[in-house]
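# Notes for the structure review
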Number of protein chains: 4
Amino acid sequence: MSYFPEVSTKVPYLGRDSKDPLAFRIYDASAQVGDRTMAEHLRFGVAYWHTMRGDGTDPFGAATRIMPWNAPSDPREREAANLDAFFEFVTKLGVGYWCFHDRDLAYEGENIDDSARILERMVGLALKKQQETGVKLLWGTANLFSHPRFQAGASTNPDPAVFAYAAAQVKHAMAATQTLGGEGYTFWGGREGYDTLNNTNLKQEREQFARLLWMAVDYAREIGFKGQFYIEPKPMEPTKHQYDSDTEACLNFLREFGLMDHLKLNLETNHATLAGHDMAYELRAAREAGALGSVDANTGDPMVGWDTDQFPTDVYLTTAVMGEILAMGGFTTGGLNFDAKVRRQSIDPVDLFHAHVGAMDAFARGLQIAHAIREDGRLAAHVSERYAGWQSPFGQKVLAGQASLAECEAFAKANGEPVRHSGRQEMLENLINQFIL
Amino acid sequence: MSYFPEVSTKVPYLGRDSKDPLAFRIYDASAQVGDRTMAEHLRFGVAYWHTMRGDGTDPFGAATRIMPWNAPSDPREREAANLDAFFEFVTKLGVGYWCFHDRDLAYEGENIDDSARILERMVGLALKKQQETGVKLLWGTANLFSHPRFQAGASTNPDPAVFAYAAAQVKHAMAATQTLGGEGYTFWGGREGYDTLNNTNLKQEREQFARLLWMAVDYAREIGFKGQFYIEPKPMEPTKHQYDSDTEACLNFLREFGLMDHLKLNLETNHATLAGHDMAYELRAAREAGALGSVDANTGDPMVGWDTDQFPTDVYLTTAVMGEILAMGGFTTGGLNFDAKVRRQSIDPVDLFHAHVGAMDAFARGLQIAHAIREDGRLAAHVSERYAGWQSPFGQKVLAGQASLAECEAFAKANGEPVRHSGRQEMLENLINQFIL
Amino acid sequence: MSYFPEVSTKVPYLGRDSKDPLAFRIYDASAQVGDRTMAEHLRFGVAYWHTMRGDGTDPFGAATRIMPWNAPSDPREREAANLDAFFEFVTKLGVGYWCFHDRDLAYEGENIDDSARILERMVGLALKKQQETGVKLLWGTANLFSHPRFQAGASTNPDPAVFAYAAAQVKHAMAATQTLGGEGYTFWGGREGYDTLNNTNLKQEREQFARLLWMAVDYAREIGFKGQFYIEPKPMEPTKHQYDSDTEACLNFLREFGLMDHLKLNLETNHATLAGHDMAYELRAAREAGALGSVDANTGDPMVGWDTDQFPTDVYLTTAVMGEILAMGGFTTGGLNFDAKVRRQSIDPVDLFHAHVGAMDAFARGLQIAHAIREDGRLAAHVSERYAGWQSPFGQKVLAGQASLAECEAFAKANGEPVRHSGRQEMLENLINQFIL
Amino acid sequence: MSYFPEVSTKVPYLGRDSKDPLAFRIYDASAQVGDRTMAEHLRFGVAYWHTMRGDGTDPFGAATRIMPWNAPSDPREREAANLDAFFEFVTKLGVGYWCFHDRDLAYEGENIDDSARILERMVGLALKKQQETGVKLLWGTANLFSHPRFQAGASTNPDPAVFAYAAAQVKHAMAATQTLGGEGYTFWGGREGYDTLNNTNLKQEREQFARLLWMAVDYAREIGFKGQFYIEPKPMEPTKHQYDSDTEACLNFLREFGLMDHLKLNLETNHATLAGHDMAYELRAAREAGALGSVDANTGDPMVGWDTDQFPTDVYLTTAVMGEILAMGGFTTGGLNFDAKVRRQSIDPVDLFHAHVGAMDAFARGLQIAHAIREDGRLAAHVSERYAGWQSPFGQKVLAGQASLAECEAFAKANGEPVRHSGRQEMLENLINQFIL
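Residues numbered from 1 in each chain as written. Chains lettered and ligands numbered in written order. Predicted model: local features only at pLDDT ≥ 70, side-chain atom pairs only at ≥ 80, totals over all residues. Heavy atoms only, no water.

### What about the packing of aromatic side chains?
Counted only if it meets this: Put simply, two rings from Phe, Tyr or Trp (the six-membered ring, in Trp's case) pair if the centres are within 6.5 Å, and we call them stacked under 30 degrees between planes, edge-to-face over 60, tilted for the rest. For helices the rule is a DSSP run of H or I covering at least 4 residues; for strands it is a run of E covering at least 2, with both sets numbered from the N terminus onward. Note on exposure labels: buried denotes an accessible area under 20% of the residue type's maximum, exposed denotes more than 50%, and partly exposed covers the range between, all computed with a 1.4 Å probe on protein chains only. Charge-over-ring contacts are defined here by two conditions on Lys NZ or Arg CZ: a distance within 6 Å of the ring centre and an angle within 35 degrees of the ring normal.
This structure, assessed with the given rule, holds 126 aromatic pairs over all chains. Between F163 of chain A and W390 of chain B the ring centres are 5.6 Å apart and the planes differ by 85°, which places this aromatic pair in the edge-to-face class. Of this pair, F163 of chain A sits in helix α6 (residues 160–179) while W390 of chain B sits in the loop between α13 (378–386) and α14 (393–399), which puts the two residues in different chains. Across the pair, W390 of chain B and F163 of chain A agree in class, each one buried. With a centroid separation of 6.3 Å and 65° between ring planes, the pair formed by F145 of chain B and F60 of chain D is classed as edge-to-face. Here F145 of chain B, found in the loop between β5 (136–141) and α6 (160–179), pairs with F60 of chain D, found in the loop between α2 (48–53) and α3 (75–93), and the two come from separate chains. Here a set of aromatic residues connected by ring pairs shows up, and it is made of F24, Y27, F44, F311, F338 and F363 of chain A. Of note, R149 of chain B hangs over the ring of F150 of chain B, and the distance from its end group to the ring centre comes to 5.5 Å.

So, in structure tokens, the structure goes:
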């Protein structure tokens, strides 16, 4: 049985001239770009939650997507059907990775043990699917935000009993990730924030959060989990303010609690823009701190103020993202996870293909462009030249921390008024457009 | 000669029933609130730059405020007239502190030595004024953003010659602050950011910034300056992105470069909101990191996206600010510096009085309310009770970092489904309004 | 049986010194303010949907509020229990009005006739409740956004069959409103917008919207409904862009389609701010166009970009709202409908009381202040004086449309450079604060 | 003498493979796209103010661009040098149109007559330049916002003497536009708004604004000016709120005062986004109201909240703009005026070339893509098909205003539950990307 009969086998690569909306025009998994194939560079992942569980609900309306894999009334059968549909989808799409939330993969049971058993069973089924298809797990995570018990936070809850519950869930989600050979494990703290400062002990809540992360680090050691931990910044929504609001807030938090060696960042475009930052900045800041891990590949609408998690199609964005990834030498454990959902009116299973195919082409093109810009070298040369003065003895002394204000003054007096140079912003924007237009 | 004839002597305190727009209705410098007088709590400062130099210019129009203290055509006379007017203003307002930028206090000379001489002369005059009036210097700073040479940054400039120039200026501004007995020295990095990532070496620029701060720390030691250093977060404007964008970005930066012991934060409401944060959050986050130093007391317009630096009159804001200040035990070196400017259409000298008098009353009322809320105790008791579970053995073990995921799971299983409690947000907002309405 | 045992009888007015969180400190229904009582001025309404149906769901989490009135498993019993609870609530709160959506008051049936019967039955029960309690209906409306059939709009749907469905629903909702003696009927077009321009015929969709409004006008005539129609601006959410985005967009639409005589505006604070406007501006613009009808009394969080529908407690907001209402001579058919919901963590029935009581006090205080400012007269006098020049013959000639550019030039030459005056913005803000602080 | 020696003659078109930053890769003036040449489609204009007068000043810093055409100390010589440089620039760029503000073209004199004489002289010189070069005037305007006399508005000033002054200036600017054969005249009301509602008579100010526009209409008739009037929406900046805030506010205003036949809209991307709208929406709404006139071709930064007036290089934006222009049958009187300024660090004359060349290429590419999408026809066919149901008898009856709620209900009952269709947003975004990637 097929859940996606519109897509008979694997989505083909047909090249630039194709008008087939269900074929790749640019993404060719095995095509070489520099020292890797496109597939190796991009490491696409499909998100189980949005793809299987997204139903078009929004704050003002009920579900619009009634998917065939949810038809079975028995929850065990339904979960299995979801898994079948998902791996059919991923396989036809030709993507190498997937990601999951525990509670989206497996429904919640009557208590911790029951939930654990249900998850374990699904993990067993998923493992078999992985083996059959060769699809691998990019990362797993625990959903610590949907259930009402987490209304006031998971690890940052005023009630330690909720902390304990969350910790139990993380333990099982980590074990599941380990079983599935996951290359990473992600913390997204949707409720790890506050709705009002009036009832909040901010200091303690941040400490609680750190405690959970340290327990996870310890548990990984215990079970031999070698995957990379990620923390995923988001400034707000669902809460008014989340503690891991952006790259710098995460870095500050990790430094404060000694966790810099244990977690990297999983950055998401729509979260960056909600925080008022370009995604390019967030990536750059994380990369230069040695903390860029993985990317949630979606986009938002700059004219609206909530998380739309749209599929990214803007080649300026994909070029910027791939530029940073290439600059860090490519992904190691991370990848491009499509944490993106089709619009509420996109109600057919085939819309999931349209969405992923278009986004993959956009990223493939972004990769080509970013690579070409690096090969071309003019952009990098411009930057080097702009800072060339810092290679001077004086510049090096300052950077080495060996100069004083007085020495600087002496230099400045001797040097006279500095010569100003154009920043050439427009020329550089045009230079990038030479590769796009 | 008087620059403010409308205000004959000192602005009087006339109490709540007064309708006199040029009298205090609430601010009574010597009135006791808890263990300090209002003056001791609030430590108001007047900003030399906005008060003397603000001329109503905006990006679409020329100066509207033609002030009598700028009448002299000779720059030396004009600077002296400005100083006279300023101290007349501060004295009549009855405020204990002032703040200055080097280049607003003293015009720039033909070269570094010349500028230093001009600044020194003005510092001499200012010192005399301080002695005559008893007014003290809250903090000084160097203007490293107005001059074209800083177009691409001061310490973060691609050209080390500009770094050197900036360092020279900091050296003299610090010396001036020291001479004037300043209780602090502030770094606001208006140009310490980028306009486009395309031409920017982000990593090196942040290192350059850190180098300047360390030189300042060293120089302070050298000259025996005991004042507190502050760094002032602002996310953008004039540049697209400033490196000290918000509290957490500053803390991350200070931790990364080992500067946490040497700088505290000078927070400004309008900068907080431009970064997408409530001022209350920025204050809380800084305070709990032990890094809250001083406050630039202004406000923005939440419906516009640039820095309006308006005089604060909203008692909810002033209550929130004073609540955090009281929670940290009151200001030590810091204070409430009115980094605020009258609107473009407020063209008379007397408008400066209206602006400061109203804002001082708003802060005095905020202090009364914040103090009353603390005395009342219900708000704090509610918070303590909400987190009471963390006093349990299990809670304490977790906080002490001695529990594991497995222990948490065991606790969670034994405990069963946690009981959920109302966050009582509306009740708490009403509770605060009991002190305001 | 009582759903709100914590509130034994009616919420009492205990005056300013009361610390009872479930008593009014300011709102005293029968207290005279100017020529009306507080109740007559404020005309509070409770919204059936948020109060009864709000369950704390958000885009990232399931319902947190499990209310006793939803306990019955039989839908008829459940609806009746909701109605009982609601009128218990409104009566104890001491509010004179309520508002409803058809589909929140009565569940949807299997088809149009079935739904109509269910609604009719509930209307019958509600009518009895109204008669028993004296509570009146401020306005009714049809929910044309929650059901999946409205995914692409109701009246603005690309499919006329959905338009027809929406029209049928409006017909029954209007009839229900008529039966209940409603003083108004509101159109809020949650889905009357687009998600992407790429698939949208904007011009035709706006015409479709107008056609529905005209049908409603005709139907009102037919059934003798004398209530006021309202249109409620909102710029976005749930769609990317709604056609009735703000006051001016609504006025433009009403003028374009000849509907100015038939609809007024129902303005909501949180919708105003999402559109980038102060609520005060939206009210002023609507009032001066003769189109201000009613108010949805809530507030948003200026730091987040979605509709939070919070209970309003900020006295600056309530003062501004009541100032505009007083300026238009008070409400006629409209009122202050609390289209507001308690926070997701406010899970107890009593939180509904906290929320409404606090907001009513905030509006009562706003009314007192706005009235006092008008009585005082200084603010209005300042404005009159500022524009006094327009009372001159030249000014009057210009305003009468009888002057030409040439005449203006002649006047300008004769007059010379105009004298500039301070706008006194700070003084006026302080003047308002004299009534608040 | 040349002001732009880096660009020896006219910027050449060298085609896609060119790496020359000072050549067009795409814009080929005489290339045919559909029924017009690129030059005829795009009708580029250069803005005198930004190009000649822009000096890099921002609210935190002094001028950075010291241009050779400002070297002469005599104002008459300086103005003439500016004109020389400007026409050298426009000619070398190969653009057919220019736009001016009176006060940027000609400095202000000692009084109205003096200013008129200065303007007249410059107009004479400009006319000669036009004749020599064949460059034409797209539109003229009066700068009614920079001078302090306009601090509280021009036509909307509380003082009719300022209104008169503004009217005189409009009269002369219109006459100048007429002399120069301008195809349009624009009103941008930078100060036609308020800073605070507290001191504002909103109703009267809007009437004053309308009076000025009517006088201009009358004066045009008088002098035989046949050009198109434009009004240019902007929501805020420099004031807190401008009355012509966005397309719908302008349309509402024009309808209210009977001006719809006399003014069209001059839309600007950065103003659209400051108002919270996509430029595509603003264009569509204006076009469908028959009111789209001309375009100020720039862009903003979605992450900052002020008007950056950047040169547009984003091909998605230029495609959207040109799509709307093609949909209206192309420009008639309007064009693409580069109301854009180079960044503060772009301090060389050649940066002006980089900026314009890149933006022209981006628009040429947008034109090609928009044209190709129209030729392809799939997008339009999809939209037609989506609304096909409205071609049915029932649909047509509704659109003709001949159906009632009851008839709709009958139709809905007979029809049953409407069938829902996917909105295909992702597929359509991919379809557009087929022409871009």
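### What about the relation of the copies chain B and chain A?
To be explicit about the condition: The atoms used to superpose the copies are C-alpha atoms, taken from residues with pLDDT of at least 70 in both, and the fit is least squares. Contacts are assigned to residue pairs with any non-hydrogen atoms lying within 4.5 Å of each other.
Take chain B, turn it by 180°, move it 0.0 Å along the axis, and it overlays chain A with an RMSD of 0.0 Å. The transformation relating the two chain copies, once decomposed into turn and shift, fits a two-fold axis. Relative to the rotation axis, the closest C-alpha in chain B is found at N252 of chain B, a distance of 2.1 Å. Taken as a fraction of all interface residues of chain B, those also at the interface in chain A reach 100%, which identifies the copy contact as same-surface.

### So, the relation of the copies chain B and chain D
Note on the copies: chain B fits chain D at an RMSD of 0.0 Å, the axial shift is 0.0 Å, and the rotation between them is 180°. Comparing interface residues between copies, 100% of those in chain B also sit at the interface in chain D, which points to an isologous, same-surface contact.

### A word on helix α5 (residues 112–133) of chain A
How we decide: Under the convention used throughout, the expected extent of a helix is 1.5 Å for every residue step, that is, one less than its residue count. Any pair of N or O atoms that falls within 3.5 Å is considered a polar contact. Within protein, one atom must be able to donate a hydrogen and the other to accept it, and sequence-neighbouring residues count only if both atoms are side-chain atoms.
With 22 residues, α5 of chain A extends 31 Å from end C-alpha to end C-alpha; this agrees with the ideal 32 Å at 1.5 Å per step. Of all the residues in α5 of chain A, the buried ones are I112, D114, S115, A116, I118, L119, M122, V123, A126, K129 and Q130 of chain A. Buried residues belonging to α5 of chain A abut α3 (75–93), β4 (97–101), α4 (102–105), β5 (136–141) and α6 of chain A together with α15 (405–415) of chain B. Looking at where α5 of chain A begins, the residue whose side-chain oxygen comes 3.1 Å from the main-chain nitrogen of D113 of chain A is N111 of chain A. Positive backbone phi, approximately 80°, marks G134 of chain A, located one or two places after α5 of chain A.

### Thoughts on the packing of helix α13 (residues 378–386) of chain C against helix α16 (residues 425–434) of chain C
All names here are of chain C. Selection rule: Lines fitted to C-alpha atoms define the axes here, with helix axes fitted over just the stretch in contact, and angles between the N-to-C directions of these axes take values from 0 to 180 degrees. Orientation labels follow simple angle bins: below 35 degrees gives roughly parallel, above 145 gives roughly antiparallel, 65 to 115 gives roughly perpendicular, and whatever is left gives oblique. Two helices crossing with the near one rotated counterclockwise from the far one by less than a right angle form a left-handed crossing, whereas a clockwise rotation gives a right-handed crossing.
One can describe the packing of α13 onto α16 by two numbers: an axis separation of 10 Å at closest approach and a directional angle of 160°. Taken together, the axes of α13 and α16 lie roughly antiparallel to each other. Of the two possible hands of crossing, α13 and α16 adopt the one that is left-handed. Side by side, α13 and α16 meet where R378, L379 and H382 of the first sit next to M427, L428, L431, I432 and Q434 of the second.

### Looking at the packing of helix α6 (residues 160–179) of chain C against helix α7 (residues 202–223) of chain C
Residues and elements named next belong to chain C. Where α6 meets α7, the axes come as close as 11 Å, and the angle between the chain directions of the two elements is 35°. Regarding α6 and α7, the two cross each other, and that crossing is right-handed. Side by side, α6 and α7 meet where F163, A167, V170, K171, M174, A175 and Q178 of the first sit next to Q208, R211, L212, M215, A216, Y219, A220 and I223 of the second.

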